[in-house]
Amino acid sequence: MSDVFMNTYGRLPVTFNRGEGAWLFDTAGKKYLDFTAGIAVNCLGHNYPPLVKAISEQAAKLCHVCNYYLSDVSVAFAEALIAACAGAGMKKLFLANSGAEANEGACKIARKYSLVKYGKGRHTIVTLRGSFHGRTITTLSATGQEHFHKDFGPYTEGFVFVPGGDIAALDKALDPKTVAGFMVEAVQGESGITPQSQEYLDAAAKICAERDILLMFDEIQTGVGRTGTFLACEGYGIKPDLVTLAKGLAGGIPAGAVLAGEKAADVFQRGDHGSTFGGNPVAGAAGLVVLETVTKPEFLKEIGRKGNKIAEAITGWKHPKVTAIRQKGLMIGVDLTIDAHPLLEAGIAQAQSGSPGLLMLTAGAKTLRFLPPFIISDAEIDQGLGLLKSLLD
Ligand SMILES: *Cc1c(COP(=O)(O)O)cnc(C)c1O
């Protein structure tokens, strides 16, 4: 391993140089079944041929124009994305490069919406305990986990946390005199695959609508088909005011987006926001392939079916080390009686023994997280489950 990188990641001892479908190959040629999809990024797997073709062709035509101009492909991508999110009431968007950048944009919109309409002092954004919204100073400030709030202060003011599932606490926190927005993950990803209940999100939507507080869905992990509907909010029948996307949006090329419904669509005016790389043509070409594929109803149905298959299989084991399973589409959390991280190491070490390795994620110390690529086959799922079971045993 190289020592020129800053020490930010607890990296596992493997270096990849090739991928194909649900498989990654290391520099020694050993193969690993990918139950991570690069943390929900490689949603169509690795080297998906139509994606490779679109990226290559676009790179040969045009890689970048600055945002003083449009490119044909970013227009096509933006219109396709709005069409894909029309059911959730989305009208306009801003294209960015990452999740944190998308959430920053959403926070700016919520604050300006409130400032213009109600004046100063109504800028608080309420988020959930256990949430994860990004790594910039503001999105760390929005993240409701204490251990992220240690070394980088002063943090951005105006974020308040409430426990998920507690409607009374939310009702109290959403003070119409001080609060501009409520930001929520329909299923918390990073902190353990925790879905919010229908009742809770219905109540949040109702309170936000009544008090003119913007309802902001962070769909950076849940969006783009991950939970079995194109947006997770659709699965709940909720139309947020703002939705943020990134991760799977361009299938492995950096891309993010802030989408706004009617209320917030025209908050940003000329000069309010920008991003040099936002709307990049190569990302747009990749994103178009993702949208064409992942918006198909039969494809979305398969995501749900495959996710259920994994959850049902693990439940069926009644394994003494498994205490709970939470799953929505291909977002799966498995609580264990033991630490999860050593299993990630063992999954990689397994590849040294002749058997394929298994790539997994954690979500908290004792929770395994699986975010397989959508194109994974039933046979590959069975193989992955077999590897998992032997690791648990
Ligand atoms: C990954 C993630 C982010 C941050 O996205 P980056 O692209 O890493 O900035 C924000 N919110 C959620 C829910 C995420 O899963």
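Before any of the text, the structure's been laid out above.
Here the structure is a predicted model, which is why all the values come from computation and not from measurement. (Residues numbered from 1 in each chain as written. Predicted model: local features only at pLDDT ≥ 70, side-chain atom pairs only at ≥ 80, totals over all residues. Heavy atoms only, no water.)

J.: I'd like a rundown of the site of the ligand, residues and numbers included.
T.: In the vicinity of the ligand, the contacting residues are Ser98, Gly99, Ala100, Asn103, Phe132, His133, Gly134, Glu185, Asp218, Ile220, Gln221 and Lys247. Within the contact set of the ligand, an oxygen atom lies 2.8 Å away from a backbone nitrogen or oxygen of Gly99. A distance of 2.8 Å separates a nitrogen atom of the ligand from a polar side-chain atom of Asp218. Coverage of the ligand by the protein amounts to 81% of the 380 Å² it exposes when considered alone. (Near = heavy atom within 4 Å. Polar contact = N/O pair within 3.5 Å; in protein donor to acceptor, adjacent residues only side chain to side chain. Areas by Shrake-Rupley, 256 points an atom, 1.4 Å probe, with all protein chains shown as cover.)

J.: Could you give an account of the side chain of Asp212, naming the residues involved and the relevant values?
T.: Following the sequence through the fold, Asp212 ends up in the loop between helix H7 (198-211) and strand S10 (214-218). Overall, Asp212 belongs to the buried group, its relative accessible area being 9%. For Asp212, the side chain forms a polar contact with the side chain of Tyr118, separated by 2.4 Å. Not counting residues within four places of it along the chain, the set of residues in contact with Asp212 comprises Tyr113, Lys117, Tyr118, Arg122 and Lys263. (Helix = DSSP H or I, 4+ residues; strand = E, 2+ residues; numbered from the N terminus. Buried < 20%, exposed > 50% of the residue type's maximum accessible area, 1.4 Å probe, protein only. Contact = heavy atoms within 4.5 Å.)

J.: Run through the pairing of S10, naming residues and quoting values.
T.: The element S10 is largely enclosed, with a buried count of five among its five residues. Here S10 shows two buried faces, one formed by Leu214, Met216 and Asp218 and the other by Leu215 and Phe217. Relative to S10, strand S7 (residues 179-184) runs parallel, the two sharing four bridges. Along S10, the bridge assignment pairs Val184 with Phe217. In this structure, S10 lies alongside strand S11 (residues 242-245), joined through three bridges in parallel fashion. Across the sheet, Met216 pairs through a bridge with Leu242, a residue of S11. (Pairing = 2+ DSSP bridges.)

J.: Please set out the sheet that holds S10 residue by residue, giving values where relevant.
T.: Strand order in this open sheet of seven strands is S4-S12-S11-S10-S7-S5-S6, and the pairing throughout is mixed. Only two strands of the sheet have a single partner each, and these edge strands are strand S4 (90-96) and strand S6 (159-162). Taken pair by pair, the neighbouring strands of this sheet meet at an average axis angle of 20 degrees, ignoring direction. In this fold helix H3 (residues 72-84) packs onto S4, S11 and strand S12 (256-261), with an angle of close to 135 degrees to the strand it touches most, S4. Contacts between helix H4 (residues 99-118) and the sheet are confined to S4, strand S5 (124-128), S6, S7, S10, S11 and S12, with S11 contributing the most and set at about 165 degrees to the helix. (Axes fitted to C-alpha atoms, helices over the stretch in contact; angles between N-to-C directions.)

J.: Describe the nonpolar core, listing the residues and the values that go with them.
T.: Counting 84 residues, the largest nonpolar core has Leu81, Phe182 and Leu368 as its most contacted members. Counting 22 residues, the second largest nonpolar core, distinct from the first, contains Ala106, Cys107, Leu242 and Ala264. (Core = buried A, V, L, I, M, F, W, Y, C linked by side-chain atoms within 4.5 Å.)

J.: So, the pattern of salt bridges: which residues are in play, and what are the values?
T.: In total, this model carries 15 salt bridges according to the counting rule given. Between Glu20 and Arg18 there is a salt bridge, and its shortest N-O distance comes to 3.5 Å. As a salt-bridge pair, Arg211 and Asp171 come within 2.4 Å of each other at their nearest N and O atoms. Separated by 40 residues along the polypeptide, Arg211 in helix H7 and Asp171 in helix H6 (residues 167-173) bring together distant segments of the chain. What makes Asp171 partly exposed here is its relative accessible area of 35%. The network of salt bridges with common partners includes Glu302, Arg305, Lys309, Asp378 and Asp382. (Salt bridge = Lys/Arg side-chain N within 4 Å of Asp/Glu carboxyl O.)

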